[in-house]
Amino acid sequence: MAFIQNANCQELVPLNAHKFSIKDTLKYKPSFYGQITEDSDSLYSFKTFDTLGNLSSISRTWLVKEKKHKVPVKTQSVSFSNSGDTLQMSVIDLLEQNERIFHYDEGVIFSEVYREKSYFISGWEISPEGNKKLSLDEHRFTPRLMNIDELGIWLRENMKYPKLARRKGIEGTIYMILTVDSEGNVKEMEVGNPEFEPLFATEALRVLANFEWDFEPKEDRLGNPVEGIAVQPILFKMSNLF
């Protein structure tokens, strides 16, 4: 693998297919490798490479110093195709809680979406013919969960905080990876970061196995429904009454 190692880079970390770090490489096969770089006192980068050493994505985080700690205020993430073309870029203002998502086709931008607190606000796209700039009424280039309020109620009524995790004072977020087919059905569900806390992963899978998901499928540029991936974070926090 032709990875570049600089003095200000940390060692490569094995990642699973969803680009979460893994330790048990016998149970979870590495699909990518990640590396953190300290670009400056207020800027860190996280690069991911495929197993051949090709750059797959890069994320940058800007920080400001508050008292004794550094606080992230902005992130920028860019993903690339196997041929090196830009696929998507997102810029998140963590203080204002807004996000801009840019979509690319063969490295050329064709859409921008603006969201606030994860809710769609506005957007535009270039027509497939490339001669018109059209407004977007929704973020149709990703699966859209239509019953997110029902999901929150379902979690509050059915999720139980694992007793052992509570005793140890463990908190955190499990990321559910949902494969949504062209008809809006969830055909596969798995935990993106299963090694973070297996007790959380088990409980999230148990509860969500019986939830009735209501998705609008992802669409391509021509408006055809296609299969897509949705990421649903599930927060386990001690103050939550599970």
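Conventions used here
Residues numbered from 1 in each chain as written. Predicted model: local features only at pLDDT ≥ 70, side-chain atom pairs only at ≥ 80, totals over all residues. Heavy atoms only, no water. Helix = DSSP H or I, 4+ residues; strand = E, 2+ residues; numbered from the N terminus. Phe/Tyr/Trp six-rings, centres within 6.5 Å; stacked < 30°, edge-to-face > 60°. Buried < 20%, exposed > 50% of the residue type's maximum accessible area, 1.4 Å probe, protein only. Lys NZ or Arg CZ within 6 Å of the ring centre and 35° of its normal. Pairing = 2+ DSSP bridges. Axes fitted to C-alpha atoms, helices over the stretch in contact; angles between N-to-C directions. Contact = heavy atoms within 4.5 Å. Core = buried A, V, L, I, M, F, W, Y, C linked by side-chain atoms within 4.5 Å.

Take the environment of I148 next. Position of I148 relative to the elements: it lies in helix α1 (residues 148–158). Put simply, I148 and F215 are 67 residues apart on the chain and 9.6 Å apart in space, counted from C-alpha to C-alpha.

We now examine the packing of aromatic side chains. Scanning the entire structure with this criterion turns up 9 aromatic pairs. Both rings, one in F110 and one in F141, keep their centres 5.3 Å apart while their planes meet at 90°; by these two values the pair is edge-to-face. Placement of the pair is F110 in strand β8 (residues 108–116) and F141 in the loop between β10 (133–135) and β11 (144–145), with a sequence separation of 31 residues. The same class applies to F110 as to F141, namely buried. Site record: aromatic cluster; members linked through ring pairs are W154, F211, W213 and F215. Sitting over the ring of W124, K133 keeps its end group 4.5 Å from the ring centre.

Turning our eyes to something else, we now look at the sheet that holds strand β13 (residues 186–191). Here 3 strands make up an open sheet; going across it, the order is β13-β12-β17 and the pairing antiparallel. Pairing within the sheet leaves two strands with one partner each, and these edge strands are β13 and β17 (228–236). Adjacent strand axes in the sheet meet at a mean angle of 25° when their direction is disregarded. With 5 bridges connecting them, strand β12 (residues 172–180) and β13 associate as antiparallel partners. Within β13, the residue paired with I177 across the bridge is E190. On top of the sheet, helix α3 (residues 198–208) reaches β12, β13 and β17; it is set at about 45° to β12, its chief contact.

Core analysis: the largest hydrophobic core is formed by 22 residues, its most contacted members being I174, L208 and W213. Of all the secondary structure elements, the ones that give two or more residues to this core are α1, β12, α3 and β17. Top contributing element to this core by residue count: α3, with 5 residues. Setting aside chain neighbours within four positions, we find I174 in contact with V191, N193, F196, E197, F200, A201, A204, Q232, P233, I234 and F236. Counting 6 residues, the second largest nonpolar core, distinct from the first, contains I58, V78, F102 and Y104.

Positive phi is not limited to glycine here, since K67 has a value of about 60°. Considering the arrangement of structural elements, one finds K67 in the loop between β4 (55–66) and β5 (69–80). Positive phi outside glycine occurs at Q97, with the angle close to 60°. Along the polypeptide, Q97 turns up in the loop between β6 (86–93) and β7 (98–105). Judged by relative accessible area, which is 46%, Q97 ranks as partly exposed.

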